[in-house]
Amino acid sequence: MSKAKLLFLEDDPNLSESVSEYLEEQGYNVTCAYDATSAEDLLYEQKFDVLLLDVNVPAGDGFSLLKASRKAGNSTPAIFITSRNAMRDIEKGFESGGDDYIRKPFALKELLLRIQTILKRNFYHNPTDVLTLSEGISYDIENQMLIINGEIQTLQLKEHKLLKLFIQHKNELLSHEMIMEYLWDYDETPSDGSLRTYIKTLRKLLGKDSIVSHKRLGYQFR
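Caption draft 1: Summary view of the sheet that holds strand β1 (residues 5-9). Taken in spatial order, the five strands make up an open sheet running β2-β1-β3-β6-β7, and their pairing is parallel. In this open sheet, the two edge strands, each paired with only one partner strand, are β2 (29-33) and β7 (100-103). The sheet shows a mean angle of 20° between the axes of neighbouring strands, taken without regard to direction. Sheet analysis places strand β6 (residues 78-82) next to β7, joined by four bridges and oriented parallel. Across the sheet, residue F80 finds its bridge partner in β7, namely Y101. Sitting on the sheet, helix α4 (residues 87-95) is in contact with β6 and β7, with an inclination near 145° to β7.

Caption draft 2: A look at the pairing of strand β13 (residues 211-214). Here four bridges tie β13 to strand β14 (residues 218-221), and the two strands are oriented antiparallel to one another. Among the inter-strand pairings, V212 is bridged to a residue of β14, identified as Q220. Between β13 and β14, which pair antiparallel and follow one another directly, the connecting turn spans three residues, one of which, R216, has a positive phi of 65°.

Caption draft 3: Up close: the pattern of salt bridges. A full pass over the atoms with the stated rule returns five salt bridges. Notably, a salt bridge pairs D100 with R114, separated by 2.8 Å at the nearest N-O pair. On the criterion of sequence distance, the pair formed by D100 in strand β7 and R114 in helix α5 (residues 108-121) is long-range, its members being 14 residues apart. According to the relative accessible area criterion, D100 is buried, its value standing at 19%. Where E110 meets R114, a salt bridge forms, and the shortest distance between an N and an O atom there is 2.7 Å. A residue pair is termed a helical-turn pair when its members lie 3 or 4 positions apart in one helix, as E110 and R114 do in helix α5 at four residues. Residue classification places R114 among the partly exposed residues on the basis of a relative accessible area of 22%. When salt bridges with common partners are traced through the structure, they connect E10, D54 and K104 into a single cluster.

Caption draft 4: Spatial organisation of helix α8 (residues 192-206). With 15 residues, α8 extends 21 Å between its outermost C-alpha atoms, agreeing within 8% with the 21 Å of an ideal straight helix rising 1.5 Å per residue. Turning to α8, its buried residues are L195, Y198, I199, L202 and L206. The buried residues of α8 occupy an angular sector of 100° when projected down its axis, which confines them to one face. Across α8 from its buried face, at more than 90 degrees, point the exposed residues R196, K200 and K204. At the N-terminal boundary of α8, the capping side chain belongs to S191, with an oxygen 3.4 Å from the backbone nitrogen of G193. Where α8 ends, the next residue or the one after it, G207, has phi of about 115°, a positive value.

Caption draft 5: Here's a closer look at helix α2 (residues 36-45). Among the residues making up α2, those that are buried are A36, A39, L42 and L43. All buried residues of α2 project into a common sector of 120° when viewed along the axis, lining one side. Opposite the packed face of α2, turned more than 90 degrees from it, sit the exposed residues Y44 and E45. The inward-facing, buried residues of α2 abut β1, β2, β3 (50-54), β4 (56-57), β5 (60-61) and α3 (62-71).

Reading the values: rules and limits
Residues numbered from 1 in each chain as written. Predicted model: local features only at pLDDT ≥ 70, side-chain atom pairs only at ≥ 80, totals over all residues. Heavy atoms only, no water. Pairing = 2+ DSSP bridges. Helix = DSSP H or I, 4+ residues; strand = E, 2+ residues; numbered from the N terminus. Axes fitted to C-alpha atoms, helices over the stretch in contact; angles between N-to-C directions. Contact = heavy atoms within 4.5 Å. Salt bridge = Lys/Arg side-chain N within 4 Å of Asp/Glu carboxyl O. Buried < 20%, exposed > 50% of the residue type's maximum accessible area, 1.4 Å probe, protein only. Expected span 1.5 Å × (residues − 1). Arc of directions from axis to C-beta. Polar contact = N/O pair within 3.5 Å; in protein donor to acceptor, adjacent residues only side chain to side chain.

Without other data, these values stay purely geometric and don't point to any function.
As structure tokens, this is what we get:
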């Protein structure tokens with residue numbers, strides 16, 4: 001199995017060196033960037049498995065970098081590493097597309113555990129290019145396409161995002177709040193009615209029992 005590739009954006013050279021050396025000792029391939037511009041270039045040039053992003057860096061900031069990358073179609077999971085600890089900063093991190101948030105100072109072991117957790121739940125690291133969801137239904141990971149009985153299904157953007165979220169969290173109960181935050185950007189207004197419509201569409205395609213509704217709690221993909 002090839003080593004997971006990590007992009008580590010951190011402008012403190014000492015911290016960058018110590019963290020990257022530790023992660024490489026744990027079997028990861030780490031590419032370091034020291035400012036937002038060089039990190040952005042690396043994102044265009046290479047494909048990574050996890051992004052480790054400091055927030056306060058030269059030539060920009062981690063939040064804006066990830067937000068722009070998400071808009072460009074990059075779905076690589078990201079962990080913010082920052083000394084900011086205000087709730088608004090944490091919210092901004094998730095709103096910009098972050099998957100996790102760790103505050104400085106942190107234990108190297110904690111960072112390792114968070115990376116391992118993200119890699120385990122992220123279906124993009126499945127050893128096959130196509131996931132079989134059920135008989136006659138599959139998902140092409142590389143091209144991000146839902147295929148039913150050999151035919152590619154057309155999904156709206158948020159229907160597609162919702163399907164990917166469900167696949168990544170198979171059998172987990174996802175709260176309404178988590179789904180809303182994932183599907184709608186911070187400058188958009190979430191809609192319960194629209195969410196129900198997206199769920200209805202996916203059930204028609206995948207089977208009515210594929211998505212279980214838990215009253216007042218959320219949804220579970222099976």
